[in-house]
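# Coordinate inspection notes
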Amino acid sequence: MLRRIESLDGKYKSYATVMADHAEAAAKAAEAEIAAGQYRGPLHGVPFAVKDLCFTKGVRTMGGSKVYADHIPSFDSTVVVRLNAAGSVPLGKLNLTEGAMGGYNPALNLPLNPWNTAHWAGSSSSGSGVATAAGLCFGSLGSDTGGSIRFPAAACGTVGLKPTWGRVSRYGVLALAESLDHVGPLTRSSADAAIALQAIAGHDPSDPTSLPAPVPDMLEGIDGGVKGVRIGLDEKYATDGVDPELAAAVLAGVKVMEELGAEIVPVQMPDVDSYLSAWPVLCSAEAVAAHKENYPSRREDYGLWFRGWLDMGAGVTGADYAAANNRRAELNGLIRDAFHDIDALACPSVMGPARAITPEEMYGPMSGDRGTSFQRYTVPYDYNGAPTISLPCGLSGDGLPLSLQFVGKSLSEPMLCRIGHAFEQATDWHNLHPPIDDDGS
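This report concerns the structure included in the present document. Not measured: the values here are computed from a predicted model. (Residues numbered from 1 in each chain as written. Predicted model: local features only at pLDDT ≥ 70, side-chain atom pairs only at ≥ 80, totals over all residues. Heavy atoms only, no water.)

A count of helical and extended segments in the chain gives 14 helices and 11 strands. For 441 residues, the compact-globule formula gives about 22 Å, and the C-alpha radius of gyration of the chain, at 20 Å, lands near that figure. Viewed in the frame of its principal axes, the chain has a C-alpha envelope of about 55 × 55 × 45 Å. The proportion of buried residues among the 441 residues of the chain is 59%. (Helix = DSSP H or I, 4+ residues; strand = E, 2+ residues; numbered from the N terminus. Rg over C-alpha atoms; globule rule 2.2 N^0.38 Å. Buried < 20%, exposed > 50% of the residue type's maximum accessible area, 1.4 Å probe, protein only.)

Written out as C-alpha cells, the structure is:
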C-alpha cells in the first residue's frame, strides 16, 4: 500500500498525511499477534485510512484548512481508538474540502477522481472516495453532513455506509454541523462496510450524543438474501430530474432486488425539494459555532469558499434557525409516515454521474447559485439521521460510476448491508475498477 501510494498519489492527491512509520509499526505488531494466535478480527492487519477530520495523537489533523495546519492533537478520536483496537493498520489522513463543506482551501490539495480526473470526486470526503476507489487503502472513514459519504461513494464508484446518527461517536472529530454530522466507512463492498462499522460503532461516554443501543453483529445474516424484505419505491421521486442513465440504472437495480425475492412496495414520498433550503441555514449557522475559536478572528486564513459559508452562517438569526429547524422536523415526520410499511427505500444516491469541474470552481468563492436540489437524496437522511448505503450500479456512457442508495430505518445497518451484499452478488458492479495503469496514467 505504501509503495502504491508513493507511485500513484502524486497524481490523485487523496492523502493529506501518509503515516508510513505508524503503518509499518502497526503491521509488524499485527503480524506478530496473529502468528501468536491473538487474532482480533477481520480488520486485524488491514491497511485503513481516515478523513483528516479525525484526531490522531501526534499527527496533524487539518480539517482541510490552513487554520489547522499546525494542529497536532494530544489524543486519538474515538473512531481512531476503535480502529486501532481492531488491529487495523493506519495508512494516513485523507484530504477533504475545507471544514468538510463544498470547496477547498487553496493551500491544500484537491483530490482527483480516478475514473476521470476532470470530474468531481464527491465533495467533503473526496480523499476517502478517491483513495478507496484507486486502491490506496482497503477502506476509509468519511463524514456526512449533507451527503459527504454518499457523494464521493457515488462519484468514485465505492460503497458508502452512512450510519444512524449517534451510532458512531464523533468525539475527536472536527465538526461542521453537530446536529447533522455522521461518521462512516467507504469500502469496496457491503461486507467490508459492515466490518468497518462494527469496529467503530457503539456508545461513547465522551460523546453524550452517541446512542446507548448495543451494537449487533453487522455481518450476521449477511448471506441471508432479501426474500420478503419490503423495499419502497416512489418512481417519481427516484427519477424526476435525474440523469436518464442513472434513473434507468436505479430502476434496473430495483428490478434485480425484486428478482431476488424482495417485495417492491409503491410509496409516496413528500415534496422533499421544498424542504432542502433549510439545510444551508442550519449547517452554516452550526459551522459558525463549530469554528468560534477561529472565526471571525482568523477569517482571512480560511479559503474563499468556506469563508463565504461562515459569513453566511454569521448572518443567520435565531428566528431563521428556528424556522429552518421546524422545516427539518416537518420533513422528518412526513418521511416517517412514508416509511411506516417498508423496511428500506430505494432511490439514487445523487442526481447524476460526477460532473466536470475546474480547480477555480472548487477553490471558490462559493457560487451564489449553488442551490440545494442536488442534495435531494442526501439531506433528508441527514435531517432524520436514518442509515443509508450507497452501491455502484453501473457505468454511464462516459465511463463514470452510477450509484443506487437504500435508506433504512433507525439502527437497521445490518439489514442494509444484507441488501447491499445481495445486490453485489447478483450484479458484480462493485468489482469495477477505475482505469489506472501501474504508472498512474
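The next thing to look at is the pattern of salt bridges. Between side chains of opposite charge, a pair can form as their charged atoms come close. Going through the model one piece at a time under the given rule, you end up with 17 salt bridges. Residue Glu300 is joined to Arg299 by a salt bridge in which the shortest nitrogen-to-oxygen separation is 2.7 Å. Using a relative accessible area of 27% as the deciding quantity, one classes Arg299 as partly exposed. One salt bridge connects Glu300 with Arg307, and the closest N-O pair in it is separated by 3.5 Å. Taking the relative accessible area as the measure of exposure, Glu300 reaches 53% and is therefore exposed. Since its relative accessible area comes to 15%, Arg307 is described here as buried. Three or more residues are tied together by salt bridges with common partners; here these are Arg299, Glu300, Arg307 and Asp311. (Salt bridge = Lys/Arg side-chain N within 4 Å of Asp/Glu carboxyl O.)

Before going further, it helps to examine unusual backbone geometry. Keep in mind that most residues, glycine aside, have a negative phi and that most peptide bonds are trans. Backbone torsion omega between Tyr295 and Pro296 reads 10 degrees, so that peptide bond is classified as cis. Looking at where Pro296 falls in the secondary structure, it is placed in the loop between helix 9 (278-290) and helix 10 (304-314). The linkage connecting Gly364 with the following residue, Pro365, adopts the cis geometry, with an omega of 10 degrees. You can see Pro365 is positioned in the loop between helix 12 (359-363) and helix 13 (379-383).

Another point: the packing of aromatic side chains. Under the counting rule described, the total for this entry stands at 9 aromatic pairs. On the basis of an interplanar angle of 25 degrees and a centroid distance of 5.4 Å, the ring pair of Phe75 and Tyr171 is categorised as stacked. Of the two residues, Phe75 is situated in the loop between strand 2 (47-51) and helix 3 (78-85) and Tyr171 in the loop between strand 5 (159-162) and strand 6 (182-187); the sequence distance between them amounts to 96 residues. Assessed through its relative accessible area of 34%, Tyr171 is described here as partly exposed. A centroid spacing of 5.0 Å and a plane angle of 70 degrees characterise the contact between Tyr237 and Tyr377, whose relative ring orientation is edge-to-face. One end of the pair, Tyr237, is in helix 7 (residues 235-239); the other, Tyr377, is in the loop between helix 12 and helix 13, with 140 residues separating them in the sequence. (Phe/Tyr/Trp six-rings, centres within 6.5 Å; stacked < 30°, edge-to-face > 60°.)

On to the nonpolar core, then. One recurring pattern in soluble globular proteins: nonpolar side chains tend to sit buried together. Within the largest apolar cluster, 126 residues are counted, with the highest numbers of intra-cluster contacts made by Leu345 and Phe406. When residues of this core are assigned to their parent elements, the largest contribution, 8 residues, is made by helix 6 (residues 190-200). Apart from the residues lying within four places of it in its own chain, the contact partners of Leu345 are Gly232, Leu233, Tyr237, Val267, Met269, Phe339, Tyr381, Gln405, Phe406 and Val407. (Core = buried A, V, L, I, M, F, W, Y, C linked by side-chain atoms within 4.5 Å. Contact = heavy atoms within 4.5 Å.)

Right, let's get into the packing of helix 9 against helix 11 (residues 318-338). Contact pair helix 9 / helix 11: the axes reach a minimum separation of 9 Å and the direction vectors enclose 125 degrees. Comparing their axes, helix 11 and helix 9 come out oblique. Crossing of helix 9 against helix 11: the hand is left-handed. For the pair helix 9 and helix 11, contact is made by Ala278, Val281, Leu282, Ala285 and Glu286 and by Asp320, Tyr321, Ala324, Asn325, Arg327 and Arg328, respectively. For the contact of helix 9 with helix 11, the class distribution of residues is 6 nonpolar, 1 polar and 4 charged. (Axes fitted to C-alpha atoms, helices over the stretch in contact; angles between N-to-C directions. Parallel < 35°, antiparallel > 145°, perpendicular 65-115°, else oblique. Left-handed = near helix turned anticlockwise from the far one by under 90°. Nonpolar A, V, L, I, M, F, W, Y, C, P; charged D, E, K, R; others polar.)

Counted at 1.5 Å a residue, the expected span for helix 14 (residues 413-427) with its 15 residues is 21 Å, and the 21 Å between its end C-alpha atoms agrees. Along helix 14, the residues classified as buried are Glu413, Pro414, Met415, Leu416, Cys417, Ile419, Gly420, His421, Ala422, Phe423 and Glu424. Looking one or two places after helix 14, you find Asp428, whose phi comes out positive at around 65 degrees. (Expected span 1.5 Å × (residues − 1).)

What follows covers the sheet that holds strand 1 (residues 15-18). Spatial strand order, 1-3-2-4-6-5-10-11-9-7-8: 11 strands in an open sheet with mixed pairing. Lying at the two open borders of the sheet, with one neighbouring strand each, are strand 1 and strand 8 (263-266). In this sheet, adjacent strand axes meet at a mean angle of 30 degrees when their direction is disregarded. Strand direction decides the pairing type here: strand 7 (residues 230-233) and strand 8, joined by 4 bridges, are parallel. By the bridge assignment, Gly232 is partnered in strand 8 with Val265. Of the strands in this sheet, strand 1 and strand 3 (89-94) touch helix 2 (residues 20-35), which is tilted by about 160 degrees from strand 3. (Pairing = 2+ DSSP bridges.)

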